[in-house]
Amino acid sequence: MVSVLAGAVPASAMTDYKWKYRPLVVFADNEALAPLAEQRRMVSDGRSRLAERNVVVIWVVGDKVSAEFGPHPGASAKALRARFGTSTSPFRAVLVGKDGGTKLNSASPLSASALYATIDAMPMRQNEMRRR
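Residues numbered from 1 in each chain as written. Predicted model: local features only at pLDDT ≥ 70, side-chain atom pairs only at ≥ 80, totals over all residues. Heavy atoms only, no water.

### Let's talk about the confidence of the model for the chain
This is how the line gets drawn: Per-residue confidence from the predictor is reported as pLDDT, a score between 0 and 100. Contacts between residues were defined by any pair of non-hydrogen atoms, one from each residue, lying within 4.5 Å.
Summarising the model, the chain shows a mean pLDDT of 87, and 89% of its residues fall at 70 or more. For the stretch residues 1–11, pLDDT sits under 50, and the model shows 26 contacts to residues farther than four places along the chain or on other chains.

Below, the structure written as structure tokens:
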């Protein structure tokens, strides 16, 4: 299930991304190895398309936090789970816009097509595409 949300207030852990990146924050625990592998596959297959859209992928797996395509968020797994309300979810994928608002929130891996369609429909992305 994917839900679309808007207007979330950015937490201090995410302020370095604001107006520069579109974070895709992927949360997984030991029960969610299959969905995590699926999401990692999508990210690996879409490296250039994600980079073109200024997506930084933040992996929160158990207590470990890492980042691809951009800087580390400088926050603990606990802080990120609290920020996005995922403490009880075995798997969660959250797309955050450059404005800091949550744009997609899914309990299953996000497909490339859903991710790109959501980003490409954003007004800021529309402006970026026109400028190229």
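Once you've had a look at it, read on.
### As for the packing of aromatic side chains
Selection rule: Two rings from Phe, Tyr or Trp (for Trp, the six-membered ring) form a pair when their centres are within 6.5 Å of each other. A pair whose planes differ by under 30 degrees is stacked, one over 60 is edge-to-face, and the rest are tilted. Buried means the residue's accessible area, taken with a 1.4 Å probe over protein chains only, is under 20% of the maximum for its type, while exposed means over 50%, and partly exposed covers the values in between. Charges are assigned to positions over rings by a cutoff of 6 Å between ring centre and Lys NZ or Arg CZ, combined with an angular limit of 35 degrees from the ring normal.
On inspection of all chains with the given rule, the structure shows 2 aromatic pairs. Summarising the aromatic geometry, the rings of Tyr17 and Tyr21 are spaced 5.9 Å apart at their centres and angled 85° between planes, so their arrangement reads as edge-to-face. Residue class for Tyr17 comes out buried when judged on its relative accessible area of 2%. When its relative accessible area of 22% is taken as the criterion, Tyr21 is described as partly exposed. A cation over an aromatic ring shows up here: Arg53 above the ring of Tyr116, its NZ or CZ 4.5 Å from the ring centre. The ring of Phe84 carries Arg83 above its face, with NZ or CZ at 4.4 Å from the centroid.

### Thoughts on helix H1 (residues 33–45)
Rules: By the criteria applied, helices consist of DSSP H or I runs no shorter than four residues and strands consist of E runs no shorter than two, each listed in order from the N terminus. The length a helix should cover is 1.5 Å for every residue beyond the first. The arc under discussion is defined with respect to the helix axis, by the directions toward the C-beta atoms.
Along its 13 residues, H1 runs 18 Å from first to last C-alpha, staying within 8% of the 18 Å computed at 1.5 Å per residue. Listed as buried for H1 are Leu36, Gln39, Met42 and Val43. For H1, the angular spread of buried residues about the axis comes to 125°, placing them on one side. Of the exposed residues in H1, the ones pointing more than 90 degrees away from its buried face are Leu33, Ala34 and Asp45.

### Thoughts on the pairing of strand S4 (residues 64–68)
Looking along a regular strand, one sees the side chains alternate between the two faces of the sheet. Rule in force here: Being paired, for any two strands, means DSSP has found at least two bridges between them.
Pairing geometry for strand S3 (residues 55–61) and S4, over 5 bridges, is antiparallel. In the strand pairing of S4, Ile58 is matched with Ala67. Here S3 folds back onto S4 in antiparallel fashion, the turn holding 2 residues, of which Gly62 has a positive phi close to 60°.

### Let's talk about helix H3 (residues 77–84)
Turning to H3, its buried residues number three or more, namely Ala77, Leu80, Arg81, Arg83 and Phe84. The buried residues of H3 all sit within an arc of 160° when viewed along its axis, so they share a single face. Relative to its buried face, H3 has exposed residues pointing more than 90 degrees away, namely Lys78 and Ala82. In the core, the buried residues of H3 are packed alongside strand S2 (22–28), S3, S4, strand S5 (91–96) and strand S6 (102–106). Of the residues flanking the end of H3, it is Gly85, one or two places downstream, whose phi is positive at about 60°.

### Comments concerning unusual backbone geometry
In this model, Trp19 sits at a positive phi of 70°, which is unusual for a non-glycine residue. Within the element layout of this structure, Trp19 appears in the loop between strand S1 (2–3) and S2. Unlike most non-glycine residues, Phe69 shows phi in positive territory, near 70°. Among the secondary structure elements, Phe69 is positioned in the loop between S4 and H3. Judged by its relative accessible area of 27%, Phe69 falls in the partly exposed class.

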